[in-house]
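Secondary and tertiary structure notes
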Amino acid sequence: MPTYRDEAVVLRTQRLGEADRIVTLLGKERGKVRAVARGVRRTSSKFGARLEPFMVVDVQCYAGRNLDTVTQAVTLAAYGRDLVDDYSRYSAASVIVEAAERIAEAEPTPQQYTLVIGALRALTMGARASQDILDSYLLRALSLAGWAPALDDCARCGAPGPHERFSVQLGGVVCARCTPAGVMRVDAATIDALRALLSGDWATLDTLDAPPRARASGIVSAYSQQYLEKKLRSMQVLEHDRLLGRLESPSAAASVREEAVEPSIEEKA
């Protein structure tokens, strides 16, 4: 049975039997991997704590027909320990890893892995609002997978902008001639916020007022769930918690200016 080794982030886990666990990983080279980690739920396990969500590991596996088997795991970054202590960061991280798993099914690349690691690192550092990091990650990951939103020219006919309407179904801004019924109007500041999120331009984003940033966040949520084909369960939980007041709304988060200098969500080699 062939053995392989890869650097990977743990996306989620499932119980299997009395002591085992199925671990879903996003590998830097192999993309999405599902593997059985035997005995990791026992207190005597050597690497059980290393295979929790948001952990980054150097993992060795046996390749199997349906499921691989984890034989070794060494911790490279323990983001999970910090994220679970802050509910806002944990909620954003949960959406990120669920989206990453969905995207990896269609387009696994080393760049997707780098984006996930960078986003989790930025959340752990707490350098800026969790919602900004989440929105930027979603737009950039979708763009890498081939679903970049059109923010300048019309998404349907290519007519040069600026345009005042955004169609989630058509993939971006649309001109007056191509606008279907019921499409939302967007102002220039909202489009500027989307551009800043897509490029990771935090300086520009922080010059914008709260309302356009909140509108941009709503567009990102709708856009990501449109192109990921079904609603993310973690996104539903996040939105529900906002309605109940457990989490800060995007408009409230956007009104707070971050004074710290924050890193890009892309991991630097």
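Residues numbered from 1 in each chain as written. Predicted model: local features only at pLDDT ≥ 70, side-chain atom pairs only at ≥ 80, totals over all residues. Heavy atoms only, no water.

1. Brief notes about the layout of surface pockets
Of the voids in this model, the largest pocket is the one considered here, and its volume is about 460 Å³. Within the residue set of the lining of the largest pocket, elements represented by two or more residues are β1 (3-16), α1 (79-83), α2 (87-106) and α8 (233-243). Here the residues of the lining of the largest pocket sort into ten nonpolar, four polar and seven charged. (1 Å grid on protein atoms, 1.4 Å probe; cavity = no way out; pocket = protein on both sides within 12 Å on 5 of 7 lines; lining within 4 Å. Points joined across faces, edges and corners; volume = space filled by probe spheres on them. Helix = DSSP H or I, 4+ residues; strand = E, 2+ residues; numbered from the N terminus. Nonpolar A, V, L, I, M, F, W, Y, C, P; charged D, E, K, R; others polar.)

2. A look at helix α5 (residues 188-199)
An ideal rise of 1.5 Å per residue puts 16 Å on twelve residues; α5 measures up with 17 Å between its terminal C-alpha atoms. For α5, the complete set of buried residues consists of T190, I191, A193, L194, A196 and L197. Looking at the buried side of α5, the elements it contacts are α4 (130-144), β6 (165-167), β7 (172-174), α6 (202-205) and α7 (210-227). (Expected span 1.5 Å × (residues − 1). Buried < 20%, exposed > 50% of the residue type's maximum accessible area, 1.4 Å probe, protein only. Contact = heavy atoms within 4.5 Å.)

3. Let's talk about empty space enclosed by the protein
Following the criterion strictly, the structure yields two cavities of 30 Å³ or more and no others. One number sums up the size of the second largest cavity: a volume of about 30 Å³. Taken together, Y4, D6, A8, L25, G27, R30, V33, V59 and C61 make up the full set of residues lining the second largest cavity. Only β1, β2 (20-27) and β4 (55-62) provide two or more residues apiece to the lining of the second largest cavity. Looking at the lining of the second largest cavity element by element, the count peaks at three residues for β1. Counted by class, the lining of the second largest cavity contains six nonpolar, one polar and two charged residues.

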